[in-house]
Amino acid sequence: MAEYRDAPTYDIPKRLQGNPKPHIDADTYKKTYEASIKNPDEFWAKIANETISWDVPFRTTRAGGFQNGDVAWFPEGQLNAAYNCVDRWAFKNPDKAAIIYEADEPNQGKTLSYSQLLQQVCQLANALKKRGVKKGDTVIIYLPMIPEAAVALLACARIGAVHSVVFAGFSADSLRDRTVDCEARVVITTDEGKRGGRTIATKSIVDAALKDCPKVEHCLVVQRTGNEQVSMTKGRDEWYHEITAKESPYCPPTPVASEDPLFILYTSGSTGKPKGVVHTTAGYLLGTGLTVKHVFDVHENDRFACMADIGWITGHSYIVYGPLMNGVTSLIFESTPVYPTASRYWEVVQQHKITQFYTAPTSIRLLRRLGDDFVKDHDLSSLRVIGTVGEPINPEAWNWYNENVGKKECAIVDTYWQTETGSHLITPLPGATKTKPGSATVPFWGIEPVLLDPTTGQELTGNEVEGVLAVRQPWPSMARTIFNDHQRFLETYLHPYKGFYFTGDGAARDKDGYIWIKGRVDDVLNVSGHRLSTAEIESALISHPGVAEAAVVAMPDETTGQAICAYVTMKADYEGGDDHESLKKELVVTVRKSIGPFSTPKIINIVPDLPKTRSGKIMRRILRKIASNEGDQLGDISSLADPSIVEKIKDQHEKSK
Ligand code: 6R9
């Protein structure tokens with residue numbers, strides 16, 4: 001993390017000073033922002049009418065608030081998300097590219113025009129209807145990064161069904177838990193996935209998950225690889241291409257109310273059970289559409305590339321809904337930054353003349369480490385805005401991105417937001433905001449960031465202060481609830497600091513009023529931009545029959561930002577002996593099976609005991625210090641029941657490194 005006090009400032013870069021003229025300059029930003037905070041109703045009503053095509057106009061702009069946790073935007077309005085994202089543009093410009101699919105193997109992708117997208121969305125929508133899916137029903141989507149992923153989201157939206165995408169890297173157990181929790185009757189998946197040259201047995205993961213999902217009646221299977229060995233359960237499983245081919249190419253969009261749910265997306269919280277974050281229709285579309293327009297300064301003929309996976313909120317907002325709300329071309333990337341070589345991203349930019357490129361700091365750090373040669377000989381001159389998301393970006397990575405990818409001529413937008421916020425909260429605007437490497441800079445329209453003292457809850461006013469980050473007023477794209485657990489929604493976001501939305505992040509405001517995000521202040525880890533709960537990993541470890549106790553903390557990692565360090569004690573009657581290496585392998589398998597491969601601990605320390613207070617509380621502070629190689633700065637450990645345990649844990653950690 002950068003020292004924010006002496007950061008350099010960068011002016012509006014060259015490619016944002018000419019053609020096309022950016023939508024927003026510094027002066028307009030200031031005026032618009034002030035208007036959005038002073039008269040939010042007037043501001044949002046106007047912009048909602050300009051941005052969304054309404055079937056029934058709204059009368060009320062905003063109702064409810066943080067106090068009662070009953071926020072609603074544009075409540076009487078009716079609209080359809082798929083109509084707004086697809087039909088509008090298909091009518092105007094049917095042959096325009098809506099989606100560029102960049103397949104795992106270079107040159108095996110294809111492009112879908114807006115009219116093709118409309119047709120595919122309609123056919124799947126009709127097929128879903130025929131299988132009894134109605135407005136308000138939930139459909140699970142477990143797909144790799146293929147065009148059908150976008151089609152599936154939009155087909156659900158078209159008939160008012162609620163999609164719940166599960167990232168295809170999640171294990172069968174995780175998929176099962178989410179499918180059961182959201183009460184889905186239909187699952188859309190694929191035979192197999194392809195990523196980085198490897199084949200993933202997607203359907204067999206789904207089969208394992210569905211063994212314990214009695215409510216699921218239909219499973220639609222997209223043919224990605226065509227492997228004939230894939231098993232199909234009679235009466236439940238059907239081939240997607242066969243059933244959609246039978247359907248009519250038009251399905252009228254079902255109007256839904258602004259506040260009807262558009263989707264549920266599960267995310268990790270500070271307790272073990274993932275939360276089904278619920279987003280509603282109008283506010284979410286407005287937030288994602290508007291931020292794509294202004295944060296990425298998108299113009300009509302732009303080609304937008306967000307390298308995230310559709311299984312995360314970034315993919316929902318910035319591959320599907322946001323770009324398509326603007327009628328531009330959006331890229332779906334199936335591969336990895338290093339397949340077949342570490343030039344893959346830059347080949348994609350060059351080949352498709354990408355204008356906006358959006359990735360995570362972890363990928364930037366990885367590519368920086370692999371060397372400048374991979375980026376050097378590519379024509380990246382089409383780029384105007386390059387963005388990052390997911391975790392704080394260190395200035396070294398920011399500078400590398402700026403120099404090697406942006407050639408010091410592109411705007412860099414470090415966008416701070418969350419699954420729960422739906423769209424960007426704090427971010428530069430390309431033609432308006434001077435940037436500082438490592439700072440997410442300034443708030444977007446309607447967002448009033450507030451720093452609070454974590455213990456007293458007092459607001460920290462003025463500049464050069466540091467506290468926890470909260471937001472004062474509701475904004476349209478914020479989550480409304482946690483599926484089937486509104487109380488948890490209130491307790492997590494609205495009750496910790498009454499009257500505010502609490503982000504769970506720490507932040508500082510520098511002398512110029514710029515915001516610097518410091519990272520989570522709760523038990524949430526951020527590994528390669530993926531949110532993981534320490535409690536979830538701990539309960540996975542404890543599910544191993546030999547494990548007595550487990551404590552998981554973050555350790556700094558040069559590439560992934562944070563990595564997982566686990567401390568585990570074994571039961572007295574554990575009979576595995578002292579072969580820690582094979583035990584560690586078993587524990588890794590246990591965690592991967594319970595959550596998914598991306599949750600693999602980097603270090604597992606098998607220790608005789610955990611550092612505990614006399615009342616039995618695990619002192620994570622000590623474990624964090626040891627994991628961060630700061631075991632010599634533990635401070636006072638006299639409150640521990642057994643202070644001598646610390647040296648033993650330190651020794652073990654040294655050996656594991
Ligand atoms: C969009 C997304 C949210 C958490 C968030 C924060 C971290 C995201 C960031 C950032 C610093 C940025 N985070 N963007 N930290 N600078 N630009 O990542 O959603 O997966 O829900 O994670 O990620 O800690 O609270 P999600």
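Here the structure is a predicted model, which is why all the values come from computation and not from measurement.

### Some words on the UniProt feature "domain: Acetyl-coenzyme A synthetase N-terminal" (unreviewed entry) in the chain
Move 1: Listed under "domain: Acetyl-coenzyme A synthetase N-terminal" (unreviewed entry) in the UniProt record, and renumbered for this structure, are residues 29-85.
Move 2: With 47% helix and 11% strand, the stretch residues 29-85 has end C-alpha atoms that lie 26 Å from each other.

### Regarding the domain arrangement of the chain
Accessible area lost during the coming together of the parts is what is often quoted as the interface size.
Move 1: Domain parsing of the chain yields domain 1 (8-80 + 255-508) and domain 2 (528-656).
Move 2: A separation of 34 Å is found between the C-alpha centroids of domain 1 and domain 2.
Move 3: Each partner contributes to the interface: domain 1 provides 18 residues, whereas domain 2 provides 13 residues.
Move 4: Between domain 1 and domain 2, a total of about 1,200 Å² is buried, with carbon and sulfur atoms accounting for 45% of that surface.
Move 5: Across the domain 1-domain 2 interface, the total number found is one salt bridge.
Move 6: The partner of glutamate 420 in a salt bridge is arginine 531, and the shortest N-O contact between them spans 3.0 Å.
Move 7: Ranked by residue count, the leading element in the side of domain 1 that touches domain 2 is helix 12 (residues 361-370), at four residues.
Move 8: Considering only residue class, the side of domain 1 that touches domain 2 consists of three nonpolar, ten polar and five charged.

### Some thoughts on the sheet that holds strand 24 (residues 501-509)
Consider a sheet: its strands pair through backbone hydrogen bonds, and that pairing is either parallel or antiparallel.
Move 1: As summarised here, the arrangement of the four strands in space is 21-22-24-25, forming an open sheet in which the pairing is antiparallel. Each of the sheet's edge strands pairs with one partner strand only, and the pair in question is strand 21 (449-452) and strand 25 (515-520). The average angle at which neighbouring strand axes cross in this sheet is 45°, direction not considered.
Move 2: Across six bridges, the pairing between strand 22 (residues 465-471) and strand 24 is antiparallel. Paired with alanine 470 across the strands is phenylalanine 502, a residue of strand 24.

### Quick look at unusual backbone geometry
Move 1: Here asparagine 19 and proline 20 are connected by a cis peptide whose omega angle stands at -5°.
Move 2: For the bond from tyrosine 339 to proline 340, the omega torsion is -10°, close enough to zero to count as cis.
Move 3: Locating proline 340 in the fold gives a position in the loop between strand 17 (329-333) and helix 11 (344-352).
Move 4: The backbone phi angle of lysine 353 is positive, close to 50°, even though this residue is not glycine.
Move 5: If you check the backbone angles, serine 528 has positive phi at about 50° while not being a glycine.
Move 6: Assignment of secondary structure puts serine 528 in the loop between strand 26 (524-527) and strand 27 (530-533).

### Remarks on the packing of aromatic side chains
The relation between two aromatic rings is expressed through the spacing of the ring centres and the mutual angle of the planes.
Move 1: Under the defined criterion, the tally for this structure stands at 32 aromatic pairs.
Move 2: What links up through ring pairs into an aromatic cluster is the set Phe43, Trp44, Trp54, Phe58, Trp73 and Phe74.
Move 3: In this arrangement the basic side chain of arginine 178 is found over the ring face of phenylalanine 170, its NZ or CZ atom lying 4.2 Å from the centre.
Move 4: Over the ring of tyrosine 514 we find lysine 436, and its NZ or CZ is 4.8 Å from the ring centre.

### A closer look at the nonpolar core
The nonpolar side chains of a soluble globular protein tend to be buried with one another.
Move 1: The biggest cluster of nonpolar side chains holds 126 residues, and the ones touching the most others in it are Leu117, Leu128, Tyr321 and Trp445.
Move 2: Contacts of leucine 117, omitting those with residues within four sequence positions, involve Val86, Ala98, Ile99, Leu112, Val151, Leu154 and Leu324.
Move 3: In terms of nonpolar packing, the next biggest core, distinct from the first, is built from 44 residues, Tyr142, Val166, Val527 and Ala540 among them.

### Things to note about empty space enclosed by the protein
Move 1: Using the criterion set out here, one finds one cavity of 30 Å³ or more in the structure.
Move 2: What the largest cavity holds in volume is close to 50 Å³.
Move 3: Lining the largest cavity we find Trp44, Gly287, Ser423, His424, Phe444, Trp445, Ile447, Trp475, Pro476 and Ser477.
Move 4: By residue class, the composition of the lining of the largest cavity is six nonpolar, four polar and no charged.

### Focus: the site of the ligand
Move 1: Around the ligand lies a shell of 17 residues, among which Asp414, Thr419, Asp505, Arg520 and Arg531 are the nearest.
Move 2: One nitrogen or oxygen atom from the main chain of proline 392 is found 3.4 Å from a nitrogen atom belonging to the ligand.
Move 3: A distance of 2.9 Å separates an oxygen atom of the ligand from a polar side-chain atom of glutamine 418.
Move 4: Isolated, the ligand exposes 540 Å² of accessible area, and the fraction of that covered by the protein chains is 96%.
Move 5: If you list the elements that add at least two residues to the shell around the ligand, you get helix 10 (313-325) and strand 25.
Move 6: By residue class, the composition of the shell around the ligand is six nonpolar, six polar and five charged.

Each value, and the rule that gives it
Residues numbered from 1 in each chain as written. Predicted model: local features only at pLDDT ≥ 70, side-chain atom pairs only at ≥ 80, totals over all residues. Heavy atoms only, no water. UniProt positions renumbered as here; feature names shortened; annotations may be inferred. Helix = DSSP H or I, 4+ residues; strand = E, 2+ residues; numbered from the N terminus. Domains from an automatic or database assignment. Contact = heavy atoms within 4.5 Å. Buried area = accessible area lost by both parts, 1.4 Å probe. Salt bridge = Lys/Arg side-chain N within 4 Å of Asp/Glu carboxyl O. Nonpolar A, V, L, I, M, F, W, Y, C, P; charged D, E, K, R; others polar. Pairing = 2+ DSSP bridges. Axes fitted to C-alpha atoms, helices over the stretch in contact; angles between N-to-C directions. Phe/Tyr/Trp six-rings, centres within 6.5 Å; stacked < 30°, edge-to-face > 60°. Lys NZ or Arg CZ within 6 Å of the ring centre and 35° of its normal. Core = buried A, V, L, I, M, F, W, Y, C linked by side-chain atoms within 4.5 Å. Buried < 20%, exposed > 50% of the residue type's maximum accessible area, 1.4 Å probe, protein only. 1 Å grid on protein atoms, 1.4 Å probe; cavity = no way out; pocket = protein on both sides within 12 Å on 5 of 7 lines; lining within 4 Å. Points joined across faces, edges and corners; volume = space filled by probe spheres on them. Near = heavy atom within 4 Å. Polar contact = N/O pair within 3.5 Å; in protein donor to acceptor, adjacent residues only side chain to side chain. Areas by Shrake-Rupley, 256 points an atom, 1.4 Å probe, with all protein chains shown as cover.

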